Amino acid sequence: MQETQLTTISSAVFDGESHSLDRGAIIYSHRGIASVRINFDHWDMQGESVLIMFPGDVIKWEMMDDDFSADAIIYSSDILRTASLNIEHTVYDTLRADRRCGYPELIAHVVDSMFRIFRFYFTVEHYTLTDRIVTLQLQAFFLGFYDYLLANPREPGNDRGTQRKVELFNRFMQLLEDEYRLGHEVNYYAQRMNISRKYLGLIVSDRTGVSPKRIIDEYIMLRLKLALRTSKRSLKQIADDYNFSDQSALTRYFRHHAGLSPQQYRLRQ
């Protein structure tokens, strides 16, 4: 599998469906307007703007006008780990909280130059070290962005909820990304976080406006649909993979949330 990819996003590829990312991405828009939901947060892109996405994010482009155009550099989890060096978790926490990169000078002087470099190396055929070049460019970007945020911290009033609640919500989403096959219920994640089910519900509802159970089910359904579309594993094997008691339990769960059986869904793809 290619470690890095440079692609274009426009209304021509807009499908309005939710997707679970297994890679990281930086989206750099040039014109037009779009709105995207990432893990139940909503972000707008207009004109020259930047949005950062991480492996495991659940994204849904909710609106994209006909004029919208953006470049996207997409990279594997391995590239992301290498690029973020030894401050990976700090970078993750900081950038997840401010993934729109709303700093005009960074966009004008850093992001624009970085994407011009990407376009050059991805369009000239005889260059063969593009993965390494992307890694080094991302390394400089993450370190520079992180350093900028340290020197220019966001005002506390810009945060939704206390810092503790933000950290707990991010922990819940990280656990869901890592352990969705094991945990189908809210109690599982509350126990893993050493907090009560009620408190987890308050944190998630305050952040997203929906219950943690809804987030869990939507994420599991996204993964199940992906497995049904791209894997040749039998339903029994998928049921085992996702910790369902048997194939019938998987079918009941899938039918409840999708309105059709896994077999019917697979046949339609």
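Quantities reported herein were computed from a predicted structural model and do not represent experimental measurements.

What about the pairing of strand 7 (residues 58-64)?
Consideration 1: Across three bridges, strand 2 (residues 18-20) lies against strand 7 in antiparallel orientation. Across the sheet, H19 pairs through a bridge with I59, a residue of strand 7.

Section: the nonpolar core
Consideration 1: Grouped together as the largest cluster of nonpolar side chains are 38 residues, with contacts concentrated most on F172, L200 and L224.
Consideration 2: Listed by contribution, the elements that provide at least two residues to this core are helix 5 (163-179), helix 6 (186-193), helix 7 (197-208), helix 8 (212-230), helix 9 (235-241) and helix 10 (247-258).
Consideration 3: The biggest single contributor to this core is helix 8, with nine residues.
Consideration 4: If you look at the next biggest cluster of nonpolar residues, it comprises 21 residues, including I26, V50, V111 and F115.

Brief notes about the sheet that holds strand 8 (residues 69-75)
Consideration 1: Strand order across the open sheet formed by four strands is 1-8-3-6, with antiparallel pairing between neighbours. The sheet is open, and its two edges are formed by strand 1 (4-10) and strand 6 (49-53), each paired on a single side. Recorded for the sheet is a direction-independent mean angle of 20° between the axes of neighbouring strands.
Consideration 2: Bridging between strand 3 (residues 24-31) and strand 6 involves five bridges; their strand directions are antiparallel.

What to know about the pattern of salt bridges
It is possible for side chains bearing opposite charge to pair when their charged atoms get close.
Consideration 1: Under the definition given, this model contains ten salt bridges.
Consideration 2: For D112, the salt bridge goes to R116, with nearest N and O atoms at 3.1 Å. Residue D112 and its partner R116 are located together in helix 3 (residues 104-123), separated by four residues, close to a single helical turn.
Consideration 3: Of the charged contacts in the structure, one is a salt bridge between K213 and D217, with a shortest N-O distance of 3.1 Å. Of this pair, K213 and D217 both sit in helix 8, four residues apart, roughly one helical turn.
Consideration 4: Residues joined in a network through salt bridges with shared partners are R37, R214 and E218.

Thoughts on the environment of V50
Consideration 1: Note on placement: V50 falls in strand 6.
Consideration 2: Given the relative accessible area of 0%, V50 is considered buried.
Consideration 3: Separated by 57 residues in the primary sequence, V50 and I107 place their C-alpha atoms 7.3 Å from one another.

Quick word on helix 8
Consideration 1: Given a rise of 1.5 Å per residue, 19 residues ought to cover 27 Å, and the 27 Å separating the end C-alpha atoms of helix 8 matches this to within 8%.
Consideration 2: Among all positions of helix 8, only P212, I215, I216, D217, Y219, I220, M221, L222, R223, L224, A227 and L228 are buried.

Looking at the sheet that holds strand 5 (residues 41-46)
Sheet strands pair by backbone hydrogen bonding; their relative direction is either parallel or antiparallel.
Consideration 1: Reading across the sheet, the four strands line up as 2-7-4-5 and stay open at both edges, with antiparallel pairing between neighbours. The open sheet terminates on both sides in strands that have one partner only, identified here as strand 2 and strand 5. Sheet twist, expressed as the mean angle between neighbouring strand axes with direction ignored, is 25°.
Consideration 2: Sheet strands in contact with helix 8 are strand 2, strand 4 (33-38) and strand 7, and its direction is about 80° off that of strand 2.

As for the packing of aromatic side chains
Consideration 1: Enumeration according to the criterion identifies 13 aromatic pairs in this entry.
Consideration 2: Both rings, one in Y121 and one in Y127, keep their centres 4.9 Å apart while their planes meet at 85°; by these two values the pair is edge-to-face.
Consideration 3: In this structure Y121 comes out as partly exposed when scored by relative accessible area, which is 26%.
Consideration 4: Ring geometry for Y180 and Y242: centres 5.9 Å apart, planes at 50°, overall tilted. Taken together, the residues Y180 in the loop between helix 5 and helix 6 and Y242 in the loop between helix 9 and helix 10 connect sequence positions 62 residues apart. In this structure, Y180 and Y242 share a single accessibility class: buried.

Rules and cut-offs
Residues numbered from 1 in each chain as written. Predicted model: local features only at pLDDT ≥ 70, side-chain atom pairs only at ≥ 80, totals over all residues. Heavy atoms only, no water. Pairing = 2+ DSSP bridges. Helix = DSSP H or I, 4+ residues; strand = E, 2+ residues; numbered from the N terminus. Core = buried A, V, L, I, M, F, W, Y, C linked by side-chain atoms within 4.5 Å. Buried < 20%, exposed > 50% of the residue type's maximum accessible area, 1.4 Å probe, protein only. Axes fitted to C-alpha atoms, helices over the stretch in contact; angles between N-to-C directions. Salt bridge = Lys/Arg side-chain N within 4 Å of Asp/Glu carboxyl O. Expected span 1.5 Å × (residues − 1). Contact = heavy atoms within 4.5 Å. Phe/Tyr/Trp six-rings, centres within 6.5 Å; stacked < 30°, edge-to-face > 60°.

Bear in mind that shape data such as this cannot, by itself, settle questions of function.
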